[in-house]
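These are the residues of each chain, in order.
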Amino acid sequence: MVTQLDQGNIVLPGTYLSTIEEFMPGDGTYDKQGLVYAGVVGRTFYDMINRKVNVIGFKKNYMQTLKKAKSLIGVITSVDEDMAQVYIIAADETRFLRPFSGVLHSSQVSQKRLEQITLAVRIGDIIRARPLSAAVPLPLTIKGKEFGVLVAHCSQCGGIMKKIDDEHVKCSRCGQVENRKLSNFTMVKKHGS
Ligand SMILES: [Zn+2]
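Residues numbered from 1 in each chain as written. Predicted model: local features only at pLDDT ≥ 70, side-chain atom pairs only at ≥ 80, totals over all residues. Heavy atoms only, no water.

**Overview of the nonpolar core**
Taken as a class, soluble globular proteins show a tendency for nonpolar side chains to be buried jointly. The line we're drawing: What makes a nonpolar core is a set of buried Ala, Val, Leu, Ile, Met, Phe, Trp, Tyr and Cys residues whose side-chain atoms join them at distances within 4.5 Å. Throughout, exposure labels follow a simple rule: accessible area from a 1.4 Å probe, protein chains only, divided by the maximum for the residue type, with under 20% read as buried, over 50% as exposed, and the rest as partly exposed. Numbered from the N terminus, helices here are DSSP runs of H or I no shorter than four residues, and strands are runs of E no shorter than two.
Formed by 30 residues in total, the largest nonpolar core has its most connected members in L72, V121, I127, L138 and I142. Elements with a minimum of two residues in this core: α1 (58-68), β8 (72-79), β9 (83-91), β10 (95-105), β11 (126-131), β12 (138-141) and β15 (168-171). By size, the runner-up hydrophobic cluster in this structure holds 8 residues, among which are V11, F23, V53 and V55.

Structure representation (structure tokens):
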């Protein structure tokens, strides 16, 4: 029998949910030899009226949220020749999200062709990006003035970089100058300006 505790439980694919006599298999579930199992990672929803058990997938809900976002905030976690991995942490500047992985390809930085992704972003940078489509990992673009690096970290010493012109930043600690694709978007008023 379904107890109150079972409703809304977090389940993994293959978790037993009920017999087919108790509840029919609904969204995010499958049945095997008269038993219903979870097909996705999510929360259980036992529909008492229709006698159907569903698993509301995290990914499905989440992809909808991400797809609807006008902008996403993420941290660059790794870079190679033409691709950067992004750890997405917020949407539309205000809503914090369950971290999700995104990718930024060098063709999605600006109109002109970029030789290396490190001319635009580096590990530890915080970027403002836009989702391109609902896929896993989420493909991102930073084309457009309001998209790009919000906070840059020095690849030499990890210090905070300050903007010196549209494409360059300088480390406030060691003086290193590096390239970035900067965003003109400001979340908070800069200290002292
Ligand atoms: Zn530095």
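Moving on from the model shown.
**Quick look at the domain arrangement of the chain**
Heads up, the condition is: Domain start and end points were adopted from an automatic or database domain assignment.
What the domain assignment lists for the chain is domain 1 (10-59) and domain 2 (68-179). Of note, the centres of domain 1 and domain 2, computed from C-alpha atoms alone, are 39 Å apart.

**Section: the pattern of salt bridges**
Between side chains of opposite charge, pairing is possible as soon as their charged atoms come close. What counts is decided by this rule: For this document, the term salt bridge refers to a Lys or Arg side-chain nitrogen within 4 Å of an Asp or Glu carboxyl oxygen.
Evaluated as defined, the whole model comprises 5 salt bridges. Put simply, E178 and R122 hold a salt bridge, and the shortest N to O gap is 3.9 Å. You can see E178 sitting in strand β16 (residues 177-179) and its partner R122 sitting in the loop between β10 and β11, a full 56 residues away along the chain. Given a relative accessible area of 25%, R122 falls into the partly exposed group. Between D125 and R180 there is a salt bridge; the shortest N-O distance is 2.7 Å. Here R180 lies in the segment after β16 and D125 lies in the loop between β10 and β11, a separation of 55 residues in the sequence. Owing to a relative accessible area of 0%, D125 belongs among the buried residues under this scheme.

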